Amino acid sequence: MAGNWKMYKTASETCAFFEKFKPLVAATNHCEIVLCPSFISLPDAIRATHGTRIEIGSQNVFWAKEGAYTGEVSPTMVKDAGCKWVLIAHSERRQYFGETNEDARKKIVAALEAGLTPVYCIGEQLSERQAEKTHDVLDSQFQGGTAGLTLDQFSKLVIAYEPCWAIGTGKVATPEMAADAHRFIRERARKSFGDDPAAALRILYGGSVKPDNIRGLMAQPDIDGGLVGGASLDPNSFASIVNF
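Residues numbered from 1 in each chain as written. Predicted model: local features only at pLDDT ≥ 70, side-chain atom pairs only at ≥ 80, totals over all residues. Heavy atoms only, no water.

(A) Here's a closer look at the environment of Ile159. Counting through the fold element by element, Ile159 comes out in strand E6 (residues 158–161). Among the residues examined, Ile159 registers a relative accessible area of 0% and is labelled buried. Separated by 150 residues in sequence, Ile159 and Lys9 place their C-alpha atoms 25 Å apart. Other than its neighbours up to four places away in sequence, Ile159 contacts Tyr120, Ile122, Phe142, Ile185, Leu201, Arg202, Ile203 and Leu204. (Helix = DSSP H or I, 4+ residues; strand = E, 2+ residues; numbered from the N terminus. Buried < 20%, exposed > 50% of the residue type's maximum accessible area, 1.4 Å probe, protein only. Contact = heavy atoms within 4.5 Å.)

Take a look at the structure:
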């Protein structure tokens, strides 16, 4: 279960969150717990979770190890800070900052080389779903982001399916809709990388995940976890999702 805080929480608010959250999941051992604060809060989050099973991820990285890229942060930097995970190509990065599938591919490779676990986000817009192009979009994004990966590299990748029309809207794909997309992604992985890597691939669902819908989503056979937005900002809410 991963939480994406987006552009919320100061460093002090981050510390306060973990003081409340840690006791709520201290006995949890059935899943991995990941939280992705803003860059500026990463050091506080890493210190606050030291010695716990909670792991910290970055919401983004650049694809170069270093260089004249003002405002960017490299995979090596976040790895050295103590991060283990990184989100790649979240739909908001695609929508507001023009990130492409090729950008995603380069970031995935750079993250893997730095020893991070990339969570590659894919998903369709509402207009694309209404036009019955969901599978076409997922196929294009999957192929674009994973092109050229070796089997070993692919084995370290996590996919997050996030229908863009469900992110931050309160709308959520029905369990059946989510299951169809996850099933398609796994079949696409099978075509590109083979049966065993596809079966082992972890695919998360994201898009208005909340305590009251997580159980129905997780009952679907191809959904392996959640990428949670707004509901991860509250320690009690996120703990309820983690401990569903």
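(B) Spatial organisation of the pattern of salt bridges. Taken as a whole and assessed by the stated rule, the structure comprises 16 salt bridges. The residue Arg183 makes a salt bridge to Asp180 at a minimum N-O spacing of 3.8 Å. Residue Arg183 and its partner Asp180 are both found in helix H9 (residues 175–193); the two are separated by 3 residues, about one turn of the helix. For Arg183, a relative accessible area of 45% translates into the label partly exposed. Judged by its relative accessible area of 30%, Asp180 is partly exposed. Each of Arg93, Glu99 and Lys107 takes part in salt bridges that share partners, so that together they form one network. (Salt bridge = Lys/Arg side-chain N within 4 Å of Asp/Glu carboxyl O.)

(C) A look at the nonpolar core. Phe18, Phe21, Leu35, Tyr120, Ile159, Ile185 and Tyr205 are the most contacted members of the largest nonpolar core, which totals 60 residues. Listed in part, the 11 residues of the second largest apolar core include Ala2, Trp85, Cys121 and Val158. (Core = buried A, V, L, I, M, F, W, Y, C linked by side-chain atoms within 4.5 Å.)

(D) Representation of unusual backbone geometry in the model. Positive phi, close to 55 degrees, is recorded for Lys6, a residue that is not glycine. Position of Lys6 among the secondary structure elements: in the loop between strand E1 (2–4) and helix H1 (11–24). Lys6 gets classed as buried once you look at its relative accessible area, which sits at 19%. Even without a glycine there, the phi angle at Lys9 is positive, about 75 degrees. Relative to the helices and strands, Lys9 is located in the loop between E1 and H1.

(E) Looking closely at the state of the cysteines. In this structure the tally under the stated criterion is 0 disulfides. Sulfur of Cys15: no disulfide; nearest cysteine sulfur belongs to Cys83 and is 15 Å away. Free cysteine: Cys164, not disulfide-bonded; nearest cysteine sulfur from Cys121 at 9.7 Å. Here Cys164 falls in the buried class, since its relative accessible area comes to 15%. (Disulfide = S-S within 2.5 Å.)

(F) Inspection of the side chain of His90 at higher detail. Tracing the backbone shows His90 in the loop between strand E4 (85–88) and helix H4 (91–97). A distance of 3.2 Å separates polar atoms of two side chains, one belonging to His90 and the other to Glu162. Discounting residues that sit within four places of it in the chain, His90 has contacts with Asn4, Lys6, Cys121, Glu162 and Ile167. (Polar contact = N/O pair within 3.5 Å; in protein donor to acceptor, adjacent residues only side chain to side chain.)

(G) Broad picture of the packing of H1 against helix H12 (residues 235–242). Close contact between H1 and H12 brings their axes to 9 Å; oriented N to C, the two are set at 30 degrees. Looking at the two axes, H1 sits roughly parallel to H12. Every pair of crossing elements has a handedness; the one defined by H1 and H12 is right-handed. Where H1 abuts H12, its residues Phe17, Lys20, Phe21 and Leu24 lie against Pro235, Asn236, Phe238, Ala239 and Val242. Class assignment of the residues belonging to the contact of H1 with H12 gives a composition of 7 nonpolar, 1 polar and 1 charged. (Axes fitted to C-alpha atoms, helices over the stretch in contact; angles between N-to-C directions. Parallel < 35°, antiparallel > 145°, perpendicular 65-115°, else oblique. Left-handed = near helix turned anticlockwise from the far one by under 90°. Nonpolar A, V, L, I, M, F, W, Y, C, P; charged D, E, K, R; others polar.)

(H) Looking closely at the sheet that holds E6. Read around the closed barrel, the 8 strands follow the order E1-E2-E3-E4-E5-E6-E7-E8; overall the barrel is parallel. The mean angle between the axes of side-by-side strands here comes to 25 degrees, regardless of whether they run parallel or antiparallel. Where E6 lies against strand E7 (residues 202–206), 4 bridges are found, and the strand directions are parallel. Within the sheet, the bridge partner assigned to Tyr161 lies in E7 and is Tyr205. (Pairing = 2+ DSSP bridges.)

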